[in-house]
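Structural description and commentary
Each chain, written out:
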Amino acid sequence: MLEIDDIQHFVIERAKALAARYEFLSFRDAKGARAWLSALSGTVSSAAQMRAAPSSDRRWVTLAFTWNGLRALGVDEASLATFPEEFKQGMAARAEVLGDIGANAPEHWVGGLASPDLHAIAILFAGDVAERERCRQEHEALVAQCEGVVVLSSLDMEATPPFDHAHDHFGYRDRLSQPVIEGTGEEPTPGSGGPLKAGEFILGYQDESGQEPVLPQPEILSRNGSYIAYRRLEEHVGKFRDFLRQNGDTPDEQELIAAKLMGRWRSGAPLILAPEKDDPALGADPQRNNDFNYKEMDPKGYAIPLGAHIRRMNPRDTAPSMNRRRMIRRGATYGPPLPEGTPEDGVERGIAAFLVCGSLIRQFEFAQNVWINDKNFHELGNERDPIVGAQDGTLEFKIPKRPIRKKITGLPAFTTVRGGAYFFLPGIKALHYLATLGNHSESE
Amino acid sequence: MPNNANSEDWSKPSAKAITKESLADAEQGRYGPIFPKSPACYGFSIIAKIIPGREPVFYEYARNIEKGVAQKPDLLAVLKLHYLRWNLFEINGETYFQYMGIFDTDFDKYTEDAIGIFTASGLNTVFENLEGFPADWKTNAPAFVKFVRDHHRPSFLEYGEYPYASSDEIKKALRLKAAFGEMLDQMQ
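What you are looking at is a predicted structure, and each value in this text was computed from that prediction instead of being measured. (Residues numbered from 1 in each chain as written. Chains lettered and ligands numbered in written order. Predicted model: local features only at pLDDT ≥ 70, side-chain atom pairs only at ≥ 80, totals over all residues. Heavy atoms only, no water.)

1. Considering helix α2 (residues 55–71) of chain B
Residue and element names in this part refer to chain B. Rule in force here: Runs of H or I in DSSP of at least four residues are treated as helices and runs of E of at least two as strands, each being numbered from the N terminus. Take the number of residues in a helix, subtract one, and multiply by 1.5 Å to get its expected span. Per-residue accessibility, obtained with a 1.4 Å probe over protein chains only, is compared with the maximum for each type, and a residue is labelled buried under 20%, exposed over 50%, and partly exposed between these values. In this description, one arc is meant: the one made by directions from the helix axis to the C-beta atoms. Should any heavy atoms of two residues lie within 4.5 Å, those residues are counted as being in contact.
The end-to-end C-alpha separation of α2 is 25 Å, in line with the 24 Å expected for 17 residues at 1.5 Å each. The set of residues buried in α2 consists of Phe58, Tyr61, Ile65 and Gly68. When α2 is viewed along its axis, its buried side chains cluster within an angular range of 80° and face the same direction. Exposed residues pointing more than 90 degrees away from the buried face of α2 are listed as Pro56, Glu66, Lys67, Ala70 and Gln71. In this structure, the buried residues of α2 make contact with β3 (81–91), β4 (94–103) and α3 (111–119).

2. Focus on the interface of chain B and chain A
Short version of the rule: Throughout, buried area stands for the accessible area (probe radius 1.4 Å) lost by two parts on being put together, summed over both. What counts as a salt bridge is simple: a side-chain nitrogen of Lys or Arg found within 4 Å of a carboxyl oxygen of Asp or Glu. Whenever a nitrogen or oxygen atom comes within 3.5 Å of another N or O atom, the pair is scored as a polar contact, on the condition that within protein one atom can donate a hydrogen and the other can accept it, and that pairs from neighbouring residues in sequence are kept only if both atoms are in side chains.
Taken together, the 20 residues of chain B in the interface contact 20 residues of chain A. Around 1700 Å² of area is buried between chain B and chain A when both sides are counted, 53% of it from carbon and sulfur atoms. When the area that chain B buries against chain A is broken down by residue, the three leading residues are Arg30, Lys109 and Thr139 of chain B, summing to 37%. The tally of links between chain B and chain A comes to two salt bridges. The closest approach of N and O atoms between arginine 325 of chain A and glutamate 112 of chain B, which form a salt bridge, is 3.0 Å. At the boundary of chain B with chain A, the tally comes to seven residue pairs in polar contact (both at pLDDT 80 or more). If you list the elements that add at least two residues to the side of chain B that touches chain A, you get α3 and α5 (167–186) of chain B. The dominant element in the side of chain B that touches chain A, judged by the number of residues it contributes, is α3 of chain B, at three residues.

3. Remarks on the pattern of salt bridges
Residue and element names in this part refer to chain B. Across all of its chains, the model carries 43 salt bridges over all chains by this definition. The partner of aspartate 108 in a salt bridge is arginine 149, and the shortest N-O contact between them spans 3.3 Å. Within this pair, whereas aspartate 108 is found in the loop between β4 and α3, its partner arginine 149 is found in helix α4 (residues 141–150), the two being separated by 41 residues in sequence. A relative accessible area of 2% means that aspartate 108 is categorised as buried. Residue arginine 149 is classed as partly exposed on the basis of its relative accessible area, which comes to 22%.

4. With respect to a nonpolar patch on the surface
Going by this rule: Only residues above 30% relative accessible area that lack a salt bridge enter a patch, with like-charged residues linked at up to 9 Å and the nonpolar side chains Val, Leu, Ile, Met, Phe, Trp and Tyr linked at up to 5 Å. The Shrake-Rupley method, run with a 1.4 Å probe sphere, supplies the accessible areas, and residue values consider only the shown protein chains as cover.
Among the surface-exposed residues, Leu176, Phe180, Met183, Leu184 and Met187 of chain B lie close enough to one another that they form a single nonpolar patch of about 550 Å² accessible area. Considering the arrangement of structural elements, one finds phenylalanine 180 of chain B in helix α5.

5. Regarding the side chain of glutamate 23 of chain A
All names here are of chain A. Position of glutamate 23 relative to the elements: it lies in strand β1 (residues 19–27). Within polar-contact distance, the side chain of glutamate 23 engages the side chain of arginine 21 at 2.5 Å. Dropping the residues within four chain positions of it, glutamate 23 is found in contact with Ala120, Ile121, Ala122, Arg136, His139, Val151, Ser153 and Ser154.

The following block contains the structure:
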């Protein structure tokens, strides 16, 4: 049984928010940190509470901690040692594994995210900007009262227009292929595969291997928790549009190039189901827009190129152990939209997203290392993911086509990693355990 | 004719000496260094002492693998293999196990897939008969990986008669040859 009254809502439910704010914090005093956590933990809803809550709810709070943050709260060394190696090291230390090199390297990251002083994140999703502002002030007042609690940086987010569907700054529709956790009662959309064992995303449950992975200690801290990988990804919208113009003579050709990079038209319609021209009604229809496979429907990549973003991020029936690699995505766009026809203005805009998983090394790091950045994925030889891969202008992107393929050389980087971190997202009881550590720890 | 995909020439036999320095500079994979690709592709050699008296289990395992692959020829496909060899040998009255594999991908990338296959029924017996193998390996992938890496002995020299050619490329070439043969037969 899934203990939805002990799992933070973030993992299971999606808030109906149009604004968000992430605050990155450092703790210089364990008692102050626990005072902050005590004051805030009551605002963190479990999945069960969120389901039962009135629709008038206007804000949703999520709290998570780095490994250093768990230590700063007073978790003992013996317990800390039982967490997985990659989580202990943190995202910045794993840069080479993740392909965070060159312009993406941690030395260029912003907001103190590469620092060992990063201890916690408070994620606020809000109904609108006014509610976010109210919460921001409330949190500012709380931080001022808590000894040694420092806000390292923060990031404000708003949905980008049009608001009728989720999309990024490039214009691609988002949230089309989300895994469903067994036991939540949610139904996967056609083509999304069956519900997955909870252990793929939440600690303390059987996973898709049929086993229950060993838990970090103590169990009160780890049970019903998840790992999240945070990524702040700048999107170079001006450069992206220039690229489309350089590689397509007409607006239709430009749209097709954009679709080939992603594997879907910007409307969300997958190229396998709409190979020649866009079909916005298909893109918007969850009963149809994810209902396809690769092995039978497009083995050579004539519709969706073998190296297209969605083919790498979810190879479906063309990858082994697919169910051991899935992740739940949460996030939002930040920065002002760049209106069509406006030249690049140099303002940072992008996506700030979280990938939720049961094992960072097996799920998130595998996706980064193998699917996104292995140059020889699907024997492509000299490609990385065209949207989020480590691009340095020397790689290519091949578009299979009869009679001969189109090969784009010198693909530019459309995105840059501006920061990231690994957090542990504890269950509700674990938050209270952390908040009261001093009360039952002899070392304090 | 060079293989354009890797700009590595399969038609020219090639040898590569692997120094300790080059191993020290190896690219970092998720579980540790990625041992460099050589003219003999990627590979590993695991050498470990077996628990005394367990030899029969290894011979049973061999029959299981033979049967398993016969029934399901793609059983090991995800590992992108060329060849595997298993040996048992004695040093000072103690029996050691050697397991060598030649792969098209570095082991780091498909570690969990390998564990998945070993977890499948009938294939899990052999490692459990090695000294020091973690008892909780099914639920503790990092411990399994650590054992494999601790017992891996990197090569100092590798040779390829048709260097860098992948299994897929070789199979494609053989399929093409068969197709040509068939075509010539049809032309009679």
